[in-house]
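Listed below, chain by chain, are the residues.
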Amino acid sequence: MMCRKVLPCVRIWSDKCSSKYGRTRPFILAGSLMISVAVTIIGFSADIGYLLGDADEDHRNFKGT
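Residues numbered from 1 in each chain as written. Predicted model: local features only at pLDDT ≥ 70, side-chain atom pairs only at ≥ 80, totals over all residues. Heavy atoms only, no water.

*Asks:* In this structure, what is going on with the overall build of the chain? I would like to understand it.
*Replies:* In terms of helices and strands, the chain carries 3 helices and 0 strands. Listing each helix as α and each strand as β along the chain from the N terminus yields α-α-α. Taking all 65 residues of the chain together, the buried fraction comes to 3%. Element-wise, carbon and sulfur atoms account for 64% of the exposed surface of the chain, whose accessible area totals about 6,300 Å². (Helix = DSSP H or I, 4+ residues; strand = E, 2+ residues; numbered from the N terminus. Buried < 20%, exposed > 50% of the residue type's maximum accessible area, 1.4 Å probe, protein only. Areas by Shrake-Rupley, 256 points an atom, 1.4 Å probe, with all protein chains shown as cover.)

As structure tokens, then:
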């Protein structure tokens, strides 16, 4: 659902972009950096929740391989 609102805006900004790296490369770089940060945050979500006040019994230890 979010793509229906975000992608048209990004396309308009991309069309108006006059970067020396081209029209789309800055947006691809920014998007990939945001996705990398989001995936990292998801990986540490249990620890972040614990630091933000989750109860100790709700905290799960990593048991994966």
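On we go from here.
*Asks:* I keep staring at the environment of serine 19 and nothing clicks. Help me out?
*Replies:* Looking at where serine 19 falls in the secondary structure, it is placed in the loop between α1 (2-16) and α2 (25-43). Residue classification places serine 19 among the partly exposed residues on the basis of a relative accessible area of 28%. Here tyrosine 21 takes part through its backbone nitrogen, which lies 3.1 Å from a polar atom of the side chain of serine 19. (Polar contact = N/O pair within 3.5 Å; in protein donor to acceptor, adjacent residues only side chain to side chain.)

*Asks:* How do you make sense of the side chain of serine 14 when you look at a structure like this?
*Replies:* As for its placement among the helices and strands, serine 14 is situated in helix α1. There is a polar contact of 3.3 Å between the side chain of serine 14 and the backbone oxygen of arginine 23. Every residue in contact with serine 14, bar those within four places of it in the chain, is listed here: Arg23, Thr24 and Phe27. (Contact = heavy atoms within 4.5 Å.)

*Asks:* Would you explain a nonpolar patch on the surface in this entry?
*Replies:* Together, Val37, Ile41, Phe44, Ile48 and Leu52 give the surface a local cluster of nonpolar side chains, amounting to about 500 Å² of exposed area. Checked against the element boundaries, valine 37 lands in helix α2. Judged by relative accessible area, which is 48%, valine 37 ranks as partly exposed. (Patch = residues over 30% accessible without salt bridge, like charges linked within 9 Å, V, L, I, M, F, W, Y side chains within 5 Å. Salt bridge = Lys/Arg side-chain N within 4 Å of Asp/Glu carboxyl O.)

*Asks:* Explanation requested: the confidence of the model for the chain in the structure shown.
*Replies:* Parts of the prediction with low pLDDT should not have their coordinates interpreted in detail. For the chain, per-residue confidence averages 81 on the pLDDT scale, and 83% of positions sit at 70 or higher. Of all secondary-structure elements in the chain, the lowest mean pLDDT belongs to helix α3 (residues 45-51), at 80, while α2 reaches the highest, 90. (pLDDT = per-residue confidence, 0-100.)

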